[in-house]
Amino acid sequence: MAAGVQRKYYMLGGKGGVGKTSCAASLAVKFANHGHPTIVVSTDPAHSLSDSFAQDLSGGNLVPVDGLDSPLYALEINPEKARDEFRSASQKNGGTGVKDFMDSMGLGMLADQLGELKLGELLDSPPPGLDEAIAISKVMQFVESQEYNIFSRIVFDTAPTGHTLRLLSLPDFLDASIGKILKLRQKIASATSAIKSVFGKEESQADASGKLEQLRERMVKVRELFRDTESTEFIIVTIPTVMAVSESSRLCGSLKKESVPVRRLIVNQVLPPSASDCKFCSMKRKDQMRALQMIQSDPELMNLNSIQAPLVDVEIRGVPALRFMDTITVIQVLSMDSLLLRQYEQNFKGVGILSIPYALSEGGWLSLALFLLIGIICCYTGLLLQRCMDSNSLVRTYPDIGELAFGSWGRIVVCVFMYLELYLAAIEFMILEGDNLHKLFPTANFNMGRLKIGGKQGFVLLAGLIVLPTTWLRSLGVLAYVSIGGVLSSLIVVCCVLWAGAIDGVGFHEKGILVNWRGIPTALSLYVFCFSGHSVFPTIYTSMKDRTIFSKVLYLCFVLCTLMYGLMAIIGYLMYGQAVNPQVTLNLPVGKLSSKIAIYTTLINPLTKYALLLMPIANSIEDWFELSKLRSISILIRTGLAISTVVLALTVPFFGYVVALTGSFLSSTATMLLPSICYLKVFKNSRRLGMELVIIIAIAALGAAIAVIGETILDDLTPR
Ligand SMILES: Nc1ncnc2c1ncn2[C@@H]1O[C@H](COP(=O)(O)OP(=O)(O)OP(=O)(O)O)[C@@H](O)[C@H]1O
């Protein structure tokens, strides 16, 4: 195994016929394609690996899988053969062989003790799971030897659920049985040593005993392997039917009870979306929906990461088909990780999607080219951060990259930019709440005694009061979960604006202007704002289970972002032209359902995410002053932070000011300038940079320019 690469074991299990073998084989193909030397093992008594790869992989030895560039080997363990081996080793020591032998020696008492072990029964009709336990222990023997050291991923296609469950309790049972046999053998050995020497059996017995002892040790290792959270993961495969989901739930419960690490659920054979369903398909789809909902509310399954693999219209056989299945399943894995990325983006940039038509109106149609360019640059600088992280395994966060490049000053600068960005985003959220609630309830006024507060300010205060208790929470898991809805909410807003244009009568008649040179700086700063999210890329990269897909996740995120933001910019500008507001929701026709949905969506989102923004800042203040254990001080700090954002939200006169400031200054620094200069510093001795060096310097210069000009455009932003 390459130094630093930890070997991982993946066990795929579930009800018979749900697609365990197909998923195991495609996962193995995926690992191999990502540069992990991999072994895929079948311990299912009814092997189908050979069928799945459309190659003969039988024989009980490692067989190279053809059709891949990277090493992938398959191993079909013959459970019958493995069991026979076990049977012969045991019989020599304590089975019927020894029993007969002892009877003939008049050692009936010991023979009775043997009867208690029910060994004969165990060997003649082995309980389900025994085959598999022995098979897995055989694999352990294989992979532990030096020559198989290079393999960093071992994927097991296990037997159906019932076997797996029994297998889990088997190691303990066998461990105890074999232990007893060995003890008994020792007793017999001392009582009959003189007689045995006459028969000349001593050597063969000792030999067999060693074998049995070895088997026992391997059983213990199998048990440990199943429970090792660091290196093992049990992935449950299911299909969207009530029966399969119920069985998966039971399997998951039993696995958890046995302390087996289970985190993911593959829901295989999900009907792909279709515009026109036949009666059969639509019934089937309804059934599947019910089963999928069942997963979401099932106490055992609801917390697992669920990956859906679609039902395909061909049989999944052979490497190309498995590779295809890998891609469609990987997309699901990617989309899970991209959700994480998008969730972050939404935390910070929930408002980006609303401001993008305004940005286009500032720069004119030609500025769309700049929008694309900024997207490509930001994606590239994300990769630069990844390369910096790959250069040193100790680097885990963005401030760590700053420190790697420029020492403790680098760390401080990155921290300041990161936390300021978070803090300003929190202020933006407050302003957003005030603006949109005021739009919904234009006549509302707040009277506190003699103090009369205007509608917008009153709503900012109200929003502050609502979110305040959430900032006191220490565990934000629930909020983080809720904020995944951010991705969905952006889509909803785009759909609502589209609806307003197409159906509510606004139309897409505005021609706009080709280019507005004066507005280009504003447009640029707002565009950067849409693509920034780099502060947490390193944290996400560190926490990813499979880091090799980071770049794919990044590309996917940027493509999705570009499409969604691009669409919103174009439709918003076509609808309202130069009259579009910095938040397009403020333009939407009053009283229409689509406007209400759009506004409610933008309202709920910030409320759930606000605490997530303040948390890192509060945590570092508490860590810095070592106050994290004092609950009351912690609440005080968080309350103080929240109040300060409300006060600033009330005093910053116009939403666009804050967006422009964060967009231009902080975002361009964090997304363009810092990654470029950190990368150049970390790789300063690399001579291979060449043309790339010119590009990176140009990006750094552009980042610096946008940061500076962003300051000068504040005067241009006046309410329309
Ligand atoms: N997503 C899918 N779309 C279409 N067919 C699929 C899909 N997944 C699996 N299949 C097909 O279903 C059949 C059973 O799959 P597979 O052998 O992988 O299941 P299994 O759970 O390993 O079965 P067993 O428990 O019998 O070993 C195969 O013919 C396979 O090609």
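Numbering of residues starts from 1 in every chain and runs along the sequence as written. With the structure being a predicted model, the display of local features is reserved for residues of pLDDT at least 70 and the display and counting of side-chain atom pairs for 80 or more, all residues being used for whole-chain, interface and lining totals. Calculated side-chain values reflect all of the structure's heavy atoms, with hydrogen atoms and water omitted.

1. With respect to the overall build of the protein
Using the following cut-off: Segments assigned H or I by DSSP are reported as helices when at least four residues long, segments assigned E as strands when at least two residues long, and all are numbered from the N terminus. Two residues form a contact once any of their heavy atoms are found within 4.5 Å.
A tally of regular secondary structure across the protein gives 25 helices and 10 strands. Within the protein, residue pairs in contact and separated by at least 24 positions form 81% of the contacts whose partners lie at least 6 positions apart.

2. Looking at the site of the ligand
Basically, it comes down to this: Each residue is tested against the molecule or strand, and it is near if at least one of its non-hydrogen atoms lies within 4 Å. Here a polar contact is taken to be a pair of N or O atoms separated by no more than 3.5 Å, where protein atoms must pair a possible hydrogen donor with a possible acceptor and residues adjacent in sequence count only if both atoms sit in side chains. Areas reported as accessible are Shrake-Rupley estimates using a 1.4 Å probe. Residue values count occlusion only from the protein chains shown.
In the region of the ligand, 16 residues are neighbours, and Gly19, Lys20, Thr21, Ser22 and Asn268 sit closest. Separating an oxygen atom of the ligand from a side-chain N or O atom of Lys20 is a distance of 2.8 Å. In this structure, Thr21 approaches the ligand through a side-chain N or O atom, which is 2.5 Å from an oxygen atom. Across the complex, the protein chains shield 78% of the 630 Å² of accessible surface that the ligand would expose by itself. For the shell around the ligand, the secondary structure elements donating two or more residues are helix H1 (20-33) and strand S7 (264-270). Ranked by residues supplied to the shell around the ligand, first place goes to H1 with three residues.

3. Section: the pairing of strand S1 (residues 8-13)
Definition in use: The cut-offs for exposure are 20% and 50% of the maximum accessible area for each residue type, with area from a 1.4 Å probe on protein chains only; residues under the lower value are buried, those over the upper are exposed, and the others partly exposed. What makes two strands pair is DSSP finding at least two bridges between them.
Across the six residues that make up S1, a large majority, five, are buried. Sheet analysis places S1 next to strand S5 (residues 153-157), joined by five bridges and oriented parallel. By the bridge assignment for S5, Met11 is matched with Phe156. As paired strands, S1 and strand S6 (residues 232-238) are joined by five bridges and run parallel to one another. In the sheet register, Tyr9 faces S6, and the bridge partner there is Thr232.

4. Here's the deal with the packing of aromatic side chains
Aromatic ring pairs are defined here through the distance separating the ring centres and the angle between the ring planes. The following threshold applies: Put simply, two rings from Phe, Tyr or Trp (the six-membered ring, in Trp's case) pair if the centres are within 6.5 Å, and we call them stacked under 30 degrees between planes, edge-to-face over 60, tilted for the rest. Look at NZ for Lys and CZ for Arg. If either is within 6 Å of the ring centre and within 35 degrees of the ring normal, a charge sits over the ring.
Applying the stated criterion across every chain yields a total of six aromatic pairs. Arranged with centres 4.9 Å apart and planes meeting at 55 degrees, the rings of Trp365 and Tyr573 form a pair that is tilted. With a gap of 208 residues between them, Trp365 in the loop between helix H13 (352-363) and helix H14 (367-390) and Tyr573 in helix H21 (residues 550-576) connect regions that are remote in the sequence. Classification of Trp365 as partly exposed rests on a relative accessible area of 22%. The class of Tyr573 is buried, set by a relative accessible area of 0%. Cation over ring: Arg153 sits above Phe31, and NZ or CZ is 5.4 Å from the ring centre.

5. Observations regarding the pattern of salt bridges
Condition: Any carboxyl oxygen of Asp or Glu that lies within 4 Å of a side-chain nitrogen of Lys or Arg is treated as forming a salt bridge with it.
In the structure shown here, the tally under the stated rule is nine salt bridges. Of the charged contacts, one joins Glu692 and Arg387 as a salt bridge, the two residues approaching to 3.1 Å between their closest N and O atoms. Here the residue Glu692 occupies a position in helix H25 (residues 691-712), and Arg387 occupies one in helix H14, the gap between them amounting to 305 residues. You can call Glu692 partly exposed: its relative accessible area is 22%. The class of Arg387 is partly exposed, set by a relative accessible area of 30%. Put simply, Asp400 and Arg411 hold a salt bridge, and the shortest N to O gap is 2.4 Å. Here Arg411 falls in the partly exposed class, since its relative accessible area comes to 27%.

6. With respect to the packing of H14 against helix H19 (residues 520-531)
Note the threshold: Note on method: axes are straight lines fitted to C-alpha atoms, helices fitted across the in-contact stretch only, with angles between N-to-C directions ranging 0 to 180 degrees. Should the near helix be turned anticlockwise from the far one by less than a right angle, the crossing is termed left-handed; should it be turned clockwise, right-handed. Classification used: nonpolar for Ala, Val, Leu, Ile, Met, Phe, Trp, Tyr, Cys and Pro, charged for Asp, Glu, Lys and Arg, polar for all others including Gly.
Packing of H14 against H19 leaves a shortest axis separation of 9 Å and a crossing angle of 35 degrees. Read as a crossing pair, H14 and H19 show a hand that is right-handed. On H19, the residues touching Ser367, Leu368, Leu370, Phe371, Ile374, Gly375 and Cys378 of H14 are Ile520, Leu524, Tyr527, Val528 and Phe531. Of the residues assigned to the contact of H14 with H19, the class counts are 10 nonpolar, two polar and no charged.

7. Quick notes on the sheet that holds strand S8 (residues 305-310)
The strand order across the open sheet formed by eight strands is S3-S4-S2-S5-S1-S6-S7-S8, and the pairing between neighbours is mixed. Lying at the two open borders of the sheet, with one neighbouring strand each, are strand S3 (63-64) and S8. Across five bridges, the pairing between strand S2 (residues 38-42) and S5 is parallel. By the bridge assignment for S5, Ser42 is matched with Asp157. Running at roughly 170 degrees to S5, H1 makes contact with S1, S2, strand S4 (72-76), S5, S6 and S7 of the sheet.

8. Comments concerning helix H23 (residues 631-651)
Rules: Helix span, expected: 1.5 Å multiplied by one less than the number of residues in the helix.
If you check H23, its first and last C-alpha atoms are 30 Å apart, about what 21 residues at 1.5 Å a residue would give, namely 30 Å. Those residues of H23 that sit buried are Ser634, Ile637, Arg638, Thr639, Leu641, Ala642, Thr645, Val646 and Ala649.

9. Side note on the environment of Ser282
For Ser282, the location among the structural elements is in helix H11 (residues 279-297). Given the relative accessible area of 28%, Ser282 is considered partly exposed. Sequence separation of Ser282 and Leu271 is 11 residues, and the distance between their C-alpha atoms is 9.8 Å.

10. Focus: helix H10 (residues 242-257)
For H10, which comprises 16 residues, the first-to-last C-alpha distance of 23 Å matches the rise-based estimate of 22 Å (1.5 Å per residue) to within 8%. Residues Ala244, Val245, Glu247, Ser248, Ser249, Leu251, Cys252, Gly253 and Leu255 constitute the buried set of H10. Trailing H10 by a residue or two, Ser259 shows a phi angle of about 60 degrees, which is positive.

11. Here's the deal with unusual backbone geometry
Look at Ser259: it is not a glycine, yet its phi comes out positive at around 60 degrees. Given the relative accessible area of 46%, Ser259 is considered partly exposed. One non-glycine residue with positive phi stands out, namely Gln269, at about 65 degrees. Its location among the elements puts Gln269 in strand S7. Judged by relative accessible area, which is 29%, Gln269 ranks as partly exposed.

12. Let's talk about the environment of Leu488
Along the chain, Leu488 turns up in helix H18 (residues 485-502). Note: C-alpha distance between Leu488 and Thr601 (113 residues apart in sequence) is 9.5 Å.

13. A word on the side chain of Arg264
Here Arg264 is to be found in strand S7. Take Arg264: its relative accessible area is 12%, and that puts it in the buried class. Polar side-chain contacts of Arg264 include one of 3.0 Å to the side chain of Glu233.

14. Overview of a nonpolar patch on the surface
Counted only if it meets this: Each patch is built from residues that are more than 30% exposed by relative accessible area and take part in no salt bridge. Like charges join if they lie within 9 Å; nonpolar side chains (Val, Leu, Ile, Met, Phe, Trp, Tyr) join within 5 Å.
On the surface, Trp409, Ile412, Val416 and Leu420 cluster together into a nonpolar patch covering about 420 Å² of accessible area. Along the chain, Ile412 turns up in helix H15 (residues 398-440). We classify Ile412 as partly exposed; its relative accessible area is 42%.

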